[in-house]
Amino acid sequence: MVTIAIWLAGLIAIGIILIGIRFLLQPVASAAGYGVPVSMNAYLTVKGVRDITAGLVVLPALVTGNQHMLGWLILASVFAPLGDMVVVLRNGGPRAVAFGVHGLTAAVMVVVAAILILV
C-alpha cells in the first residue's frame, strides 16, 4: 500500500507541475478547465508558477524516499485544491469542476498523505 501511495504522490507532483506549465503556455484555456474562465491576466501566470512550485516542493522527499516527510508535505498541500474548490464555487463556476476536480484531488491527497504518515 505504501508503494502505491508513493507512486500516487509522484503522479500528484508531476500532474500539478504539468498543470502549472499549461497555465503558463495556455492561460485562458487552463482557466476554463480550472472552473473560472477569465481573460488573460497576471493571475493566470501566478497560478501557473504556484502549481509548478507545489509539485516541486514534494520532489526532494519523494526522491530521497522520506515517506513520512512526503506525507506531511502532501497533507500541507491539500489546502491548495481545497482553496481552488472554494474559488470556483464562490465565483459561480461549475459545481462538477469544483467538487469533481478540486475536491476529489484534495480527497486523494488526504488518503495518500495518511498512508504515507501512518504506515
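Cut-off values and rules
- Residues numbered from 1 in each chain as written.
- Predicted model: local features only at pLDDT ≥ 70, side-chain atom pairs only at ≥ 80, totals over all residues.
- Heavy atoms only, no water.
- Helix = DSSP H or I, 4+ residues; strand = E, 2+ residues; numbered from the N terminus.
- Expected span 1.5 Å × (residues − 1).
- Buried < 20%, exposed > 50% of the residue type's maximum accessible area, 1.4 Å probe, protein only.
- Phe/Tyr/Trp six-rings, centres within 6.5 Å; stacked < 30°, edge-to-face > 60°.
- Core = buried A, V, L, I, M, F, W, Y, C linked by side-chain atoms within 4.5 Å.
- Axes fitted to C-alpha atoms, helices over the stretch in contact; angles between N-to-C directions.
- Parallel < 35°, antiparallel > 145°, perpendicular 65-115°, else oblique.
- Contact = heavy atoms within 4.5 Å.
- Nonpolar A, V, L, I, M, F, W, Y, C, P; charged D, E, K, R; others polar.

Per an unreviewed UniProt entry, the protein chain carries the name DUF4267 domain-containing protein and comes from Nonomuraea africana.

*Asks:* Any details on helix α3 (residues 42-64)? Residues and values, ideally.
*Replies:* When the terminal C-alpha atoms of α3 are compared, their 35 Å separation across 23 residues agrees well with the 33 Å that a helix rising 1.5 Å per residue should span. Within the span of α3, buried status applies to L44, K47, G48, D51, I52, G55, V58 and A61. Phi turns positive one or two residues past the end of α3, at G65, with a value near 80°.

*Asks:* Could you give me a rundown of the packing of aromatic side chains, with the residues and numbers involved?
*Replies:* Using the criterion set out here, one finds one aromatic pair in the structure. Aromatic side chains F23 and Y34 sit 6.4 Å apart centroid to centroid with 85° between the ring planes, which places their arrangement in the edge-to-face category. Pair noted here: F23 is in helix α1 (residues 2-25) and Y34 is in helix α2 (residues 27-34), with a separation of eleven residues, a long-range link. With respect to burial, F23 and Y34 carry one shared label: buried.

*Asks:* Summarise the nonpolar core; cite the residues concerned and give the values.
*Replies:* Where a protein is soluble and globular, its nonpolar side chains tend to be buried together. Counting residues in hydrophobic clusters, the biggest one holds 16 residues, and the most contacted among them are A5, A9, V58, L70, I74, V112 and L116. Elements with a contribution of two residues or more to this core: α1, α3, α4 (67-77) and α6 (95-118). Among the elements that make up this core, the one with the highest residue count is α6 (seven residues). Counting eight residues, the second-largest nonpolar core is a separate cluster that includes V36, L44, M85 and A98.

*Asks:* Break down the environment of L104 for me, with residues and values.
*Replies:* By the secondary structure assignment, L104 is in helix α6. Overall, L104 belongs to the partly exposed group, its relative accessible area being 49%. Distance in space between the C-alpha atoms of L104 and P81 is 8.7 Å, their sequence separation being 23 residues.

*Asks:* Before we move on, can you summarise the packing of helix α5 (residues 79-90) against α6 with the specific residues and values?
*Replies:* Look at α5 against α6: their axes get within 8 Å of each other, and the N-to-C directions meet at 170°. By the angle between their axes, α5 is roughly antiparallel relative to α6. Seen from α5, the contacting residues are P81, L82, D84, M85, V88 and L89; seen from α6, they are R95, A98, F99, H102, G103, T105, A106 and M109. The residue makeup of the contact of α5 with α6, split by class, is nine nonpolar, three polar and two charged.

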